[in-house]
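Spelled out from the first residue to the last, the chains are:
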Amino acid sequence: MHKAIGVRLTAPLLATALGSAALLLAPVNASAAQAAPAAATAVPGMAAAPYEYLGWGSPQKPTDVMKATGVKWFTLAFILSDGGCNPKWDGSRPLAGGSDEAAIKSIRAAGGDVMVSVGGWSGNKLGEKCSSASALAGAYQKVIDAYGLKALDIDIENTEFSNATVRQRVVDALKIVKTKNPGIVTYITMGTTPTGPDATGKDLIKRGAAAGLANDGWVVMPFDFGGHSGTMGQATVGALDGLKAAVKSAYGYSDDAAFRHIGVSSMNGKTDEAGETVTTADFRTILAYAKQHHLARFAFWAVNRDRACGSGADADACSGIAQSPYEFTKIVVQYQG
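The residue count restarts for each chain, going from 1 along the sequence in the order it is written. Where local features are concerned, this predicted model is filtered to residues with pLDDT of at least 70; where side-chain atom pairs are given and counted, the filter is 80 or more; whole-chain, interface and lining totals use all residues. In computing side-chain values, all of the structure's heavy atoms are included and hydrogens and water are not.

## Points about the state of the cysteines
Cysteine sulfur pairs qualify as disulfides if the two atoms are within 2.5 Å. Applying the stated criterion to the full structure yields two disulfides. One disulfide bridge connects Cys85 with Cys130, the sulfur atoms lying 2.0 Å from each other. Judged by the sign of its S-S torsion, about 95°, the cystine formed by Cys85 and Cys130 is right-handed. Residue Cys85 is located in the loop between β2 (73-81) and β3 (87-89), and its partner Cys130 is located in the loop between α5 (126-129) and α6 (133-147); the two are separated by 45 residues in the primary sequence. Residue class for Cys130 comes out buried when judged on its relative accessible area of 0%. Residue Cys309 pairs covalently with Cys318 via a disulfide, S to S 1.9 Å. Disulfide Cys309-Cys318: torsion about the S-S bond near 90°, hence right-handed. Put simply, DSSP H or I for four residues or longer makes a helix, DSSP E for two residues or longer makes a strand, and each gets a number counted from the N terminus. For each residue, the accessible area found with a 1.4 Å probe, counting protein chains only, is set against the maximum for its type, and the residue is called buried under 20%, exposed over 50%, and partly exposed in between.

## Here's the deal with the environment of Ile188
Within the secondary structure layout, Ile188 lies in strand β6 (residues 185-191). A relative accessible area of 1% means that Ile188 is categorised as buried. When the C-alpha atoms of Ile188 and Ile156 are compared, they prove to be 7.0 Å apart, with 32 residues separating the residues in sequence. We call two residues contacting when some pair of their heavy atoms lies within 4.5 Å. If we ignore the near neighbours within four places in the chain, the residues touching Ile188 are Ile154, Ile156, Leu174, Leu204, Leu213, Asn215, Gly217, Trp218 and Val219.

## Some points on the packing of helix α8 (residues 164-180) against helix α9 (residues 199-211)
Axis lines are fitted through C-alpha atoms, for helices just across the contact stretch, and the angle between N-to-C directions can take any value from 0 to 180 degrees. Two elements in contact, α8 and α9, have axes separated by 10 Å at closest approach and are oriented at 40°. For the element pair α8 / α9, the angle class is oblique. For α8 against α9, the interelement crossing comes out right-handed. Of α9, the residues touching α8 (which contributes Ala164, Arg167, Gln168, Val171, Asp172 and Lys175) are Thr200, Asp203, Leu204, Arg207, Gly208 and Ala211. Here the residues of the contact of α8 with α9 sort into four nonpolar, three polar and five charged. When describing relative orientation, an angle under 35 degrees is termed roughly parallel and one over 145 degrees roughly antiparallel, while 65 to 115 degrees is termed roughly perpendicular and anything else oblique. Crossings are sorted by hand: turned counterclockwise from the far helix by less than a right angle, the near helix makes the crossing left-handed, and turned clockwise it makes it right-handed. Throughout this entry, Asp, Glu, Lys and Arg are counted as charged residues, while Ala, Val, Leu, Ile, Met, Phe, Trp, Tyr, Cys and Pro are counted as nonpolar. The remaining residues, Gly among them, count as polar.

## Considerations on the packing of aromatic side chains
Between the rings of Phe, Tyr and Trp (Trp by its six-membered ring), a pair exists once the centres lie within 6.5 Å; its type follows the angle of the planes, with under 30 degrees stacked, over 60 edge-to-face, and the other angles tilted. Across all of its chains, the model carries 13 aromatic pairs by this definition. Judged by centre distance (5.4 Å) and plane angle (20°), the ring pair of Phe78 and Trp301 falls under stacked. Taken together, the positions of Phe78 in strand β2 and Trp301 in strand β11 (residues 297-301) put the pair 223 residues apart, joining distant regions of the chain. Side by side, Phe78 and Trp301 carry an identical accessibility label, which is buried. Whether a charge lies above a ring is judged from NZ of Lys or CZ of Arg, which has to be within 6 Å of the ring centre and within 35 degrees of the ring normal. The aromatic ring of Tyr187 is capped on one face by Arg297, whose charged end is 4.8 Å from the ring centroid.

## Quick word on the confidence of the model for the protein chain
Along the chain, pLDDT gives the predictor's confidence residue by residue, from 0 to 100. Residues at a pLDDT of 70 or more form 88% of the protein chain, whose mean pLDDT is 90. Note on residues 4-41: pLDDT is under 50 here. Beyond four places in sequence and across chains, it has 69 contacts.

## Some points on unusual backbone geometry
Cis geometry marks the peptide bond from Ala77 to Phe78, where omega comes out at -5°. Looking along the chain, the bond that leaves Trp301 and enters Ala302 is cis, with omega of 5°. Along the chain, Ala302 turns up in the loop between β11 and α13 (327-332). Notably, Asn158 is not glycine yet its phi reads approximately 55°, a positive angle. Its place among the elements puts Asn158 in helix α7 (residues 158-162). Classification of Asn158 as buried rests on a relative accessible area of 19%. One non-glycine residue, His294, adopts positive backbone phi at about 55°. Mapping His294 onto the fold places it in the loop between α12 (280-293) and β11.

This is the structure we're talking about:
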């Protein structure tokens, strides 16, 4: 769950929010839905863009992370609503002229680049505050234009995820964005069960396919499971297998194309759930799977947490396990699509 440490809706609770409309969404015709493999691999480094949250968690200087790990891309979080249909960092910091824009410029000056993530668990969501798909697309466009983005991540969680009307609005807005910004890479990131997306997640994918949205990566966050079997690496593989099946079914893709249209955003170290820990060995399991199947994305939450905890540090600023600095980032950066 891409957020500050806190509670998470379980899959059954999310499923109860699913409207009867899902029953009407059948898989679309394969020939109509088939698209080229995800474009994410076309830009070196984009497939490995870990999240960094510049709003809290004692964020490291991005250029220092680049020097220490070789990472070139970051996913910067989060863009939220300012109370209306207008995007701001954390719902309060301006797109232009502030510390966030300065960080982006520094990353690019050092030879890297960024994608921006819209949403997350907390705060006011643009998908809910914008009253139409066109208005939501306009809000996304402001972010794209502010930084000349090559990629956009919609991290759809909490009430934005559980509302069927909002799910459709997000899909339709992204289709507009795709039309107005040829070549832009889009990711939709959501929670998952150990066997793949729950009913709500599957509905979102089906809505994407039915709308003809050529989304580059359907991405799951394989943690905060509420119980799982085996290692977190094995549970992640199970979740990704289920995701691949859902995307293949909805879009009519081949196995290879389906894998190239899915991705993973894990969480390093201790997660929001007691007893659930993602280790570097788990990350290596995920890396091997990503390389085998050429996934669209391998990211994690978050660079802020990619260090051992010191005195007084909280769970948003460290992993909660014994590690050297940037151990997880150094594994992720090995993935190039």
